[in-house]
Amino acid sequence: MDQNTRIAVIGAGIAGLTVAGLLQQQGYQVRVYEQAARFWRIGAGIILGASTAKVMRRLGIEDGMVRAGIKPDAFVSRDVASGRILNELVFDAAREADFGGPFVNIHRADLHRLLVSRLKPGTIHFDHRLDGLDEGPGAAVLSFDNGERVEADIVIGADGIHSRVREAILGREPPRYIGKVALRAVFPSARAAGVPMRDCTKWWGADRHLLAYFMTDRRDECYVMAAVPSEEWGADTPPAPGTREDFLSAFPNAHPDLTALLEAVDNVSLLPICDRERNDVWSAGRAVLMGDACHAVRPFMAAGGSMAIEDAAILSRAIAACDSPEAAFRTYVANRVPRVGDVQRISAENSWLKLPGDTGWFFGYDPFTDTLDHAA
Ligand SMILES: Cc1cc2nc3c(=O)[nH]c(=O)nc-3n(C[C@H](O)[C@H](O)[C@H](O)COP(=O)(O)OP(=O)(O)OC[C@H]3O[C@@H](n4cnc5c(N)ncnc54)[C@H](O)[C@@H]3O)c2cc1C
């Protein structure tokens, strides 16, 4: 599509910032509309596989991402009760070469900062909450809660699990609470001095699990996230502060290495875990969905953010390669649905990296060299 195409991105999360950066790099006019008044530092880390490193490389921020985060030496799976090592996926230089990029753990705010740094000044319009989306004769018309109305040739709904753009395309449908709550904590590693801790470990229990990793190469900040059954929560329950006791009582008979780590956690927060059923309708008219707006997955494969970033690569390629929004969206959807469908299924099973298995198809994927199938 030609470079005068006016592209509106709704939402300045990982998905929206990545697609905006890639489209601007290709010369498109892009505006990002974000409901929040500003960004703030959310207390959480994120795991990014090698496929996302290739997108960061294209944006020119791969080195910055590695410097701000950590390349863990391995992803280790351990049994909660016995501490037995079930799997160890080593990330040495050979594996990095195989996958075509590193595996990185990073603070979410650092990733955000890097993505924002690639945008032209003035790209992000804060305090713009999308209220309405209508198809006019030659353009889509966006209405915001601050009274502003804007026309765009393409509207990219990157507005997360409660997406307003999704509602316009698919109708109102609340996210699904999966019956588990996420316990998260970010704290200085000094609190856990002397506790045996590898760079990145997933502890597997029968109906719950816990992920613990460092977020910087200095190993000075730990992130711990657990998924624990709870009937008291629902999709509408807002996030809330938690306590160390929430962690300890969720893993009462854990291996001593895990208990010692949980005794050190601090700065705890709780949020319900939600996802959406697979739905392969991702666009209508001039509007298209990406990231959690489109395919919110359970965070059990640590892949929702990676899928959003890969979406950005394929969507930006499809927009550049096709001559109408319809053709671009058809191409994007045809190239994304099978892979995202696999990730949705594996995330729901919660089986990824528990035991040794093939990981090349996931980490080795390159959304820039993968052939873009032009759907009929
Ligand atoms: C506990 C947990 C752990 C996770 N761990 C990982 C991990 O390790 N690795 C990984 O890859 N993924 C992980 N994920 C998934 C990952 O966080 C998400 O898939 C990813 O953040 C989705 O990004 P997004 O940009 O699509 O949505 P969001 O990050 O939700 O961004 C949406 C943006 O849109 C804005 N917005 C919403 N509505 C409107 C509106 N009407 N108008 C304007 N703006 C609007 C919001 O304010 C927000 O800024 C995890 C998720 C959870 C819950």
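Residues numbered from 1 in each chain as written. Predicted model: local features only at pLDDT ≥ 70, side-chain atom pairs only at ≥ 80, totals over all residues. Heavy atoms only, no water.

Novice: Talk me through helix α10 (residues 304-321); I want residue IDs and the actual numbers.
Specialist: The end-to-end C-alpha distance of α10, which contains 18 residues, comes to 26 Å, matching closely the 26 Å that a straight helix rising 1.5 Å per residue would cover. For α10, the tally of buried residues reaches 15 of 18 residues, placing the bulk of the element in the interior. (Helix = DSSP H or I, 4+ residues; strand = E, 2+ residues; numbered from the N terminus. Expected span 1.5 Å × (residues − 1). Buried < 20%, exposed > 50% of the residue type's maximum accessible area, 1.4 Å probe, protein only.)

Novice: Tell me what's going on with the site of the ligand, and back it up with residues and numbers.
Specialist: With respect to spatial proximity, 29 residues lie near the ligand, and among them E34, R108, L130, D292 and G305 are the closest. One of the side-chain N or O atoms of R108 is found 2.8 Å from an oxygen atom in the ligand. For the ligand, an oxygen atom lies 3.3 Å from a polar atom in the backbone of G304. Against a free-state accessible area of 1000 Å², the protein chains account for coverage of 84% of the ligand. Counting only elements with at least two residues in the shell around the ligand, the list comes to α1 (14-25), β3 (45-48) and α10. The element contributing the most residues to the shell around the ligand is α10, with 3 residues. Its residues assigned to classes, the shell around the ligand shows 13 nonpolar, 9 polar and 7 charged. (Near = heavy atom within 4 Å. Polar contact = N/O pair within 3.5 Å; in protein donor to acceptor, adjacent residues only side chain to side chain. Areas by Shrake-Rupley, 256 points an atom, 1.4 Å probe, with all protein chains shown as cover. Nonpolar A, V, L, I, M, F, W, Y, C, P; charged D, E, K, R; others polar.)

Novice: Kindly report on empty space enclosed by the protein, identifying the contributing residues and their values.
Specialist: Over the atoms rolls a probe the size of a water molecule, and in doing so it shows where empty space is left. Across all of its chains, the model carries 3 cavities of 30 Å³ or more by this definition. Around the largest cavity, the lining comprises 18 residues; the ones closest to its centre are I47, F75, M301, A302 and W352. Contributing elements (two or more residues each) for the lining of the largest cavity: β3, β14 (209-214) and α12 (360-363). Classifying every residue of the lining of the largest cavity gives 14 nonpolar, 3 polar and 1 charged. In this structure, the second largest cavity spans a volume of roughly 70 Å³. Looking at the second largest cavity, the residues that line it are R78, P196, M197, R198, T201, W203, A212, D257, L258 and L261. Only β13 (200-204) and α8 (256-262) provide two or more residues apiece to the lining of the second largest cavity. Considered class by class, the residues forming the lining of the second largest cavity number 6 nonpolar, 1 polar and 3 charged. (1 Å grid on protein atoms, 1.4 Å probe; cavity = no way out; pocket = protein on both sides within 12 Å on 5 of 7 lines; lining within 4 Å. Points joined across faces, edges and corners; volume = space filled by probe spheres on them.)

Novice: Run through the packing of aromatic side chains, naming residues and quoting values.
Specialist: Inspection of the entire model under this criterion finds 14 aromatic pairs. Centroid distance Y213 to Y223: 5.2 Å. Interplanar angle 65 degrees. Geometry classified as edge-to-face. Residue Y213 is located in strand β14, and its partner Y223 is located in strand β15 (residues 221-229); the two are separated by 10 residues in the primary sequence. Y223 shares its class with Y213; the two are buried. An aromatic cluster is built from F75, F91, F99, F103, W352, W361, F362 and F363, whose rings are joined through pairwise contacts. Positioned above the aromatic ring of W204, the side-chain terminus of K202 is 4.1 Å from the ring centre. Across from the ring centre of Y365, 3.9 Å away, lies the NZ or CZ of R339, which sits over that ring. (Phe/Tyr/Trp six-rings, centres within 6.5 Å; stacked < 30°, edge-to-face > 60°. Lys NZ or Arg CZ within 6 Å of the ring centre and 35° of its normal.)

Novice: How would you explain the packing of α1 against α10 if you had to name every residue and give the values?
Specialist: Closest axis-to-axis distance for the α1/α10 pair is 8 Å, and the angle between their directions is 30 degrees. In terms of their interaxial angle, α1 and α10 are classed as roughly parallel. Relative to α10, the crossing made by α1 is right-handed. Here I14, A15, T18, V19, L22 and L23 of α1 lie close against α10, whose contacting residues are G305, A308, I309, A312, A313, L315, S316 and I319. The residue inventory of the contact of α1 with α10, partitioned by class, reads 11 nonpolar, 3 polar and no charged. (Axes fitted to C-alpha atoms, helices over the stretch in contact; angles between N-to-C directions. Parallel < 35°, antiparallel > 145°, perpendicular 65-115°, else oblique. Left-handed = near helix turned anticlockwise from the far one by under 90°. Contact = heavy atoms within 4.5 Å.)

Novice: So what's going on with the pairing of strand β4 (residues 74-79)? Residues and values would help.
Specialist: Within β4, 5 of the 6 residues are buried, which leaves the element mostly enclosed by the surrounding structure. Connecting β4 to the next strand, strand β5 (residues 85-90), in antiparallel fashion are 5 residues, including G83 with a positive phi near 80 degrees. As defined by bridge partners, β4 adjoins β13 across 4 bridges and the pair is classed as parallel. Note that in β13 the partner of V76 across the bridge is T201. (Pairing = 2+ DSSP bridges.)

Novice: Could you give an account of the UniProt feature "domain: FAD-binding" (unreviewed entry) in the protein, naming the residues involved and the relevant values?
Specialist: When the UniProt feature table is mapped onto this chain numbering, "domain: FAD-binding" (unreviewed entry) sits at residues 5-343. Secondary structure within residues 5-343 divides into 32% helix and 29% strand; the distance between the first and last C-alpha atoms comes to 32 Å. (UniProt positions renumbered as here; feature names shortened; annotations may be inferred.)

Novice: Tell me what's going on with the layout of surface pockets, and back it up with residues and numbers.
Specialist: There is about 200 Å³ of room inside the second largest pocket. Forming the walls of the second largest pocket are V181, L183, V228, P229, S230, E232, W233, D246, S249, A250 and L270. Elements with a minimum of two residues in the lining of the second largest pocket: β12 (176-188), β15 and α7 (244-250). Element by element, the count of residues in the lining of the second largest pocket is highest for α7, at 3 residues. When the residues that make up the lining of the second largest pocket are grouped by side-chain class, the tally is 7 nonpolar, 2 polar and 2 charged.

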